[in-house]
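One letter stands for each residue in the lines below.
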Amino acid sequence: MPQVSMTVNGKATSGDVEGRTLLSAYLRDHLGMTGTHVGCDTSQCGACVVHVNGEAVKSCTMFAAEADGATVDTIEGQANADGSLNVIQQAFQDHHGLQCGFCTPGMVMSAAALLKENPKPTEQEVRDYLEGNLCRCTGYHNIVKAILAASGQDVGAIAAE
Amino acid sequence: MPKDSGIGASPKRREDVRFLTGAGNYTDDINVAGQAYVHFLRSDVAHARIKGIDTSAAAGMPGVVKIFTGADFEGVGGLPCGWQVTDRHGEPMQEPPHPILAQGKVRHVGDPIAAVVADTYEQARDAAEAIEVDLEELPAIVDMKAALADGAPKLHDDLTSNLCYDWVLGETDDAVVQKAFDEADHVTTLELTNQRLVANPMEPRVAVGEYKRGTDEYTLYTTSQNPHVIRLLMCAFVLGLPEHKVRVVAPDVGGGFGTKIFHYAEEAFCTFAAKACNRPVKWTASRTEAFMSDAQGRDHVTKIELAMDKDNNFTALRTNTLANMGAYLSTFSSSVPTWLHGTLMAGNYKTPCIQVNVKAVFTSTVPVDAYRGAGRPEATFQIERVIDKAARERGVDPIKLRRQNFITEFPYDTPVALTYDTGDYNGTMDKLEAAADIAGFAARRAESEKNGKLRGLGINCYIEACGIAPSNIVGMLGARAGLYDAATVRVNATGSISVMVGAHSHGQGHETAFPQVVAEMIGIDESQVEIVHGDTSKIPFGMGTYGSRSLAVCGSAMVRATEKVINKAKKIAAHLMEASEADIELKDGMFSVAGTDKSVAWGDVTLTAYVPHNFPLEEIEPGLEETAFYDPANFTYPAGAYACEVEVDPETGKVTIERFAAADDFGNIINPMIVDGQVHGGIGQGIGQALLEGCVYDENGQLLSGSYMDYAMPRADDVPFYTVDHSSQTPCTHNPLGVKGCGEAGAIGSPPAVVNAVIDALQSGGKNVTHIDMPLSPGRVWAAMNG
Ligand code: FES
Ligand code: FES
């Protein structure tokens, strides 16, 4: 079995994987980092989004071997150094942007990638960007609101509450 | 000023921190040392006789531990149905066996034929491919009408036909109903489909079975909304295990929406196989498997007729529905089209004569059971669509027609077996008219028309029966379970509290909202109260979470248990202050003696309870822990009014939701933020049903919508921001918190609003379209416009 090495949330990791082992499986099963979720088998739900070399990637669409040597960031590494929630995580909590929490890791990782690319997105830009992230609980209202809030925009006028 | 703690406040959810940092503990995150993996070989045809299964080649493949087929489960029970419906002739429904692994026949695509347990998941899957199954294909049974035709092929050889039951509620005398229609000034008729849906919680189902030989104990970790129900069904009906030897744990669960209520074959299998293989056995559904093994929802075909007098008062309502059960009776399947649907056919209206007929049909498709709303969305959709059509036929305003027929006096006995305890449908409609800015619609329509778009406004009301359910009533109606719930309030010596509840939180935020109640009752900080749920070894026997019941039923048990705790604590406080118990008052966590300045703090009393040196031991026991079981006296009746505005592109038929407003009466509200979130989520699913979703089988019973590539889930850009108003509040009259439940409302109330809006848009463009079946895809809308 081939060996892979990658830096995950700043720590060096390595493991023996089969050629068909997905990056999501490497994170969950080999490293025991179960924050990254798997919600489908057709690359459509986005529960598995992580960052590979700074880019948002669906970790179920990539073999672990393809990430050999890469820098990978996951939901487990998103909090501030003192353990407090980062701006996006905090906005999700403040605006009730999660219910069951299953889509949440992917949502937070996608939101981080969006705000890096587009620090002040419009509502429509947020909705369009989340095209690849399914949530069955929230009707998206509070997710979109949380991401707009995380970008520093005033969401006080948005309906409900 | 909004409160910042206690009942009516919206504290941030405490569970969020673990979910936002990847520290949740979902079932697939659980791995037990030495575990093996199971892969199920599932039928790829809809209906066939199994002539032989050859596992010999597979058995020798690398890593294979053991291979199971139906023969291994011959001495074992099948999956039970929890509700026996009695048909219109007084006969019990036809109830076929539902084996863990197929015996003799397969009856839907996805029916499990064999199970391979191996060291790794990949090995299990590889070996399953080497199993040879000799199937003699039989005709698929897909269309419900065809399934009931004389001479139709039978799905279950031992049943007399594919009819599960033929059931009637309300006025049973056909002649009486016909007379009401004969005397009507106007009758509006509508034939419609409430299409089959797939619940699709984002977390697929998972089960991990574990067996300890030393103590003969089993543990099942499973993605369930109700661990005690699973334990009871699995132990008593399927595997014949003693309940006290089985622990069922449902840890963090990634959404349920009904489909995680039911007891599934995979749960029983993993529990059984853990002993048979002497190893823990884990199963994780792929999404593809979920599409062919999670119980699906809705799937009704209905003809509804509404009779009115010359003044547009509703005088009679008659419905005939075919309800698809799929291939087997899932846990609560039989109750959905009957007691959760027929009973709601009065809606919010004082129609005096109602007859509901439902024929439930077996087909060679995945079993159908409760999905968010369960029967109530089907009822609401029919009523609110036919009223909309009637308003158009009579040329009256749809809001006015509804208001004119609203029930306004409570309690109200409906002709279909329910007693609504309270409500204010006009008041709630007032809230909706404001929240939706109905007055501004004409201007918005003109603006849309300027841009070449058709704009429509759709209104509807809904009522639901929640807080499920009074055990004695449901027992009479055929339920094979009680539907109370339970809570244990365990006060620790230092005053903090663990509340063990039978309700299960899989997104509803119980860990945050329930402590708001207990903390307020005692007057301590919410952080001192912790909710424990989801583990039969920790919690009292409760029935779990579905039917918008958690707060109304389990919350009531929690209130009762907390009252018992407070009563005992007052006795202790009275002893400490040498006062009479009747004079003790509790406020802000302090016990005081009325009319004096004597007081003792909550923490001193709790410490005394556990260090009973100065304690009335002759009168009461030490310790401070109480349990209450609560059985509701009635259902609760949340009700509301919803408004949707759409734009339709006349060139393409594409529908865009421009505005959506909801006014709900949930009675008292504990946490408005969570309630809003529940409504948002329900509306999202309702819009999904109205515009996007549909589970489709072809005539051979092949599942055409078996993945997210073919089953259109609502995405962020399919929905708008919603306006939610729950300031219309008529508290439930029979539970201690005055709460009604809010989890299903959005999914019940939103589909008719969307469809009514689209019809309104098309009519405004001069198209004489009176109905389009959901989902209102661009193709269907375009065809209706140009048909
Ligand atoms: S798991 Fe669904 S997109 Fe990766
Ligand atoms: S919070 Fe449950 S799927 Fe998004």
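In this convention, every chain numbers its residues from 1, walking through the sequence in written order. Numbering of ligands from 1 and lettering of chains from A proceed in the order in which they are written. Given that the model is predicted, a residue must reach a pLDDT of at least 70 before its local features are reported, and side-chain atom pairs must reach 80 or more before they are shown or counted; all residues, however, enter totals for whole chains, interfaces and linings. In computing side-chain properties, one takes all heavy atoms of the structure into account and sets aside hydrogens as well as water.

1. Some words on the overall build of chain B
For the purposes of this entry, the term helix denotes a DSSP run of H or I that reaches at least four residues, the term strand denotes a run of E that reaches at least two, and both are numbered from the N terminus. A tally of regular secondary structure across chain B gives 19 helices and 28 strands. A compact globule built from 787 residues would reach a C-alpha radius of gyration of about 28 Å, and chain B, at 27 Å, matches this within 12%. The C-alpha extent of chain B, read off along each of the three principal axes, is 85 × 70 × 50 Å. Think of it in three bands: residues with accessible area under 20% of the maximum for their type are buried, residues over 50% are exposed, and the middle band is partly exposed, with areas taken using a 1.4 Å probe on protein chains only. Looking at chain B as a whole, 64% of its 787 residues are labelled buried. The globule rule is 2.2 Å times the number of residues to the power 0.38, and the radius of gyration it is compared with is taken over C-alpha atoms.

2. With respect to the interface of chain B and chain A
We call two residues contacting when some pair of their heavy atoms lies within 4.5 Å. Of the residues lining the interface, 56 residues belong to chain B; the matching set on chain A comes to 52 residues. The term buried area refers to how much accessible surface (probe radius 1.4 Å) is lost by two components on association, counted for both of them together. Around 4500 Å² of area is buried between chain B and chain A when both sides are counted, 57% of it from carbon and sulfur atoms. Among the residues of chain B in contact with chain A, Leu-20, Met-202 and Phe-721 of chain B are the three that bury the most area, contributing 19% of the side total. By definition, a salt bridge exists where a carboxyl oxygen of Asp or Glu is found within 4 Å of a side-chain nitrogen of Lys or Arg. In this assembly, chain B and chain A are joined by five salt bridges. Between Glu-693 of chain B and Arg-136 of chain A there is a salt bridge, and its shortest N-O distance comes to 2.8 Å. Whenever two N or O atoms come within 3.5 Å, that pair is a polar contact, provided that in protein one can donate a hydrogen and the other can accept it, and provided that, for residues adjacent in sequence, both atoms are side-chain atoms. Put simply, chain B and chain A have 27 residue pairs in polar contact (both at pLDDT 80 or more) between them.

3. Observations regarding a nonpolar patch on the surface
Residue and element names in this part refer to chain B. A surface patch of nonpolar side chains, amounting to about 230 Å² of accessible area, comprises Leu-607, Tyr-610 and Val-611. Note on placement: Leu-607 falls in helix α16 (residues 602–610). Using a relative accessible area of 40% as the deciding quantity, one classes Leu-607 as partly exposed. Without a salt bridge and with relative accessible area above 30%, a residue can belong to a patch; like charges are then joined within 9 Å and nonpolar side chains (Val, Leu, Ile, Met, Phe, Trp, Tyr) within 5 Å. Here the open area of atoms and residues is found with the Shrake-Rupley method and a 1.4 Å probe, where only the protein chains shown may cover a residue.

4. Quick word on the packing of helix α3 (residues 104–117) of chain A against helix α5 (residues 141–150) of chain A
Residue and element names in this part refer to chain A. Here an angle of 0 to 180 degrees is reported between the N-to-C directions of two axes, which are lines fitted to C-alpha atoms, with helices fitted over the stretch in contact. For the pair α3 and α5, the least separation of the axes is 11 Å and the interaxial angle reads 40 degrees. In terms of orientation, α3 lies oblique with respect to α5. Of the two possible hands of crossing, α3 and α5 adopt the one that is right-handed. Between α3, through Met-107, Ala-111, Leu-114 and Leu-115, and α5, the contact on the second element is made entirely by Ile-143, Ile-147 and Ala-150. Across the contact of α3 with α5, the residue classes break down as seven nonpolar, no polar and no charged. For classification purposes, an angle smaller than 35 degrees is called roughly parallel, one larger than 145 roughly antiparallel, one from 65 to 115 roughly perpendicular, and anything else oblique. Handedness of each helix crossing follows the sense of rotation of the near helix against the far helix: counterclockwise by less than a right angle gives left-handed, clockwise gives right-handed. The classification used treats Ala, Val, Leu, Ile, Met, Phe, Trp, Tyr, Cys and Pro as nonpolar, Asp, Glu, Lys and Arg as charged, and all other residues, Gly among them, as polar.

5. Examining unusual backbone geometry
Note that the residue after Phe-410 of chain B, namely Pro-411 of chain B, is joined by a cis bond; omega there is -5 degrees. Along the chain, Pro-411 of chain B falls in the loop between α10 (398–405) and β16 (412–413). Here Met-774 of chain B and Pro-775 of chain B are connected by a cis peptide whose omega angle stands at -5 degrees. Of note, Pro-775 of chain B is situated in the loop between α18 (745–764) and α19 (778–786). Within the chain, Tyr-140 of chain A stands out as a residue other than glycine whose phi angle is a positive 70 degrees. Mapped onto the secondary structure, Tyr-140 of chain A falls in the loop between α4 (123–129) and α5. Residues other than glycine seldom take positive phi values, yet Ala-417 of chain B does so here, at roughly 80 degrees. Summarising the element assignment, Ala-417 of chain B is placed in the loop between β16 and β17 (419–420). Among the residues examined, Ala-417 of chain B registers a relative accessible area of 55% and is labelled exposed.

6. Topic: the sheet that holds strand β23 (residues 590–593) of chain B
Residue and element names in this part refer to chain B. Between any two strands, at least two bridges found by DSSP are needed for them to pair. Reading across the sheet, the three strands line up as β22-β23-β24 and stay open at both edges, with antiparallel pairing between neighbours. On the outer flanks of this sheet lie β22 (584–587) and β24 (599–601), each paired with one strand and no other. Taken pair by pair, the neighbouring strands of this sheet meet at an average axis angle of 25 degrees, ignoring direction. Bridge count for β23 against β24 is three bridges, and the pairing is antiparallel. Bridge pairing in β24 places Ser-592 opposite Ser-599. Along the sheet face, helix α15 (residues 550–576) touches β22, β23 and β24 and points at about 120 degrees away from the line of β22.

7. Focus on the environment of Pro-11 of chain B
Residue and element names in this part refer to chain B. Checked against the element boundaries, Pro-11 lands in the segment before α1 (16–20). Put simply, Pro-11 and Gln-516 are 505 residues apart on the chain and 8.7 Å apart in space, counted from C-alpha to C-alpha. In this view, Pro-11 contacts Thr-512, Gln-516, Glu-526, Asn-671 and Met-673; residues no more than four positions away in its chain are not counted.

8. Focus on the side chain of Arg-42 of chain B
Its place among the elements puts Arg-42 of chain B in strand β1 (residues 36–42). In this structure Arg-42 of chain B comes out as buried when scored by relative accessible area, which is 12%.

9. Digging into the packing of aromatic side chains
A pair of aromatic rings is counted whenever rings of Phe, Tyr or Trp (Trp by its six-membered ring) have centres within 6.5 Å, and the orientation is called stacked for planes under 30 degrees apart, edge-to-face for over 60 and tilted otherwise. Going through the model one piece at a time under the given rule, you end up with 25 aromatic pairs over all chains. For the pair Tyr-211 of chain B and Tyr-218 of chain B, a centre-to-centre distance of 4.7 Å together with 50 degrees between the ring planes defines the contact as tilted. Here Tyr-211 of chain B and Tyr-218 of chain B have matching classes, each one buried. One aromatic cluster is present, formed by Phe-40, Phe-68, Phe-73, Phe-269, Phe-272 and Trp-283 of chain B through successive ring pairs. Cation over ring: Arg-127 of chain A sits above Phe-721 of chain B, and NZ or CZ is 4.8 Å from the ring centre. The rule for a charge over a ring is simple: NZ of Lys or CZ of Arg within 6 Å of the ring centre, and within 35 degrees of the ring normal. Across from the ring centre of Tyr-264 of chain B, 3.5 Å away, lies the NZ or CZ of Arg-205 of chain B, which sits over that ring.

10. Thoughts on the packing of helix α2 (residues 87–94) of chain A against α5 of chain A
Residues and elements named next belong to chain A. Put simply, α2 and α5 touch, their axes get as near as 8 Å, and they point 135 degrees apart. As far as their axial angle goes, α5 and α2 are oblique. Crossing of α2 against α5: the hand is right-handed. Along the contact surface, α2 presents Val-87, Ile-88, Ala-91 and Phe-92, while α5 presents Ile-143, Ala-146, Ile-147 and Ala-150.

11. Topic: the nonpolar core
Residues Phe-92 of chain A together with Val-648 and Phe-660 of chain B are the most contacted members of the largest nonpolar core, which totals 179 residues. Per-element tally for this core: the top contributor is α18 of chain B, with ten residues. When residues no more than four places from it in sequence are discounted, the contact partners of Phe-660 of chain B are Tyr-642, Ala-643, Cys-644, Ile-683, Ile-687, Pro-720, Phe-721, Tyr-722, Thr-723, Ser-750, Ala-753 and Val-754 of chain B. Formed by 45 residues, the second largest nonpolar core is a distinct cluster that contains Ala-487, Ala-503, Ile-524 and Ile-531 of chain B. Nonpolar cores were defined as sets of buried Ala, Val, Leu, Ile, Met, Phe, Trp, Tyr and Cys residues, with membership established by side-chain atoms within 4.5 Å.

12. Brief notes about the domain arrangement of chain B
Residue and element names in this part refer to chain B. Here the limits of each domain have been adopted from an automatic or database domain assignment. Each assigned domain of chain B is listed here: domain 1 (27–138 + 202–255 + 260–293), domain 2 (374–466 + 636–786) and domain 3 (484–630). For domain 1 versus domain 2, the distance between C-alpha centres works out to 38 Å. On the domain 2 side, the residues contacting the nine residues of domain 1 number ten residues. Counting each side, the surface lost to burial between domain 1 and domain 2 is near 680 Å², with a carbon and sulfur contribution of 64%. Applying the counting criterion to the domain 1 and domain 2 interface returns zero salt bridges. Put simply, domain 1 and domain 2 have two residue pairs in polar contact (both at pLDDT 80 or more) between them.

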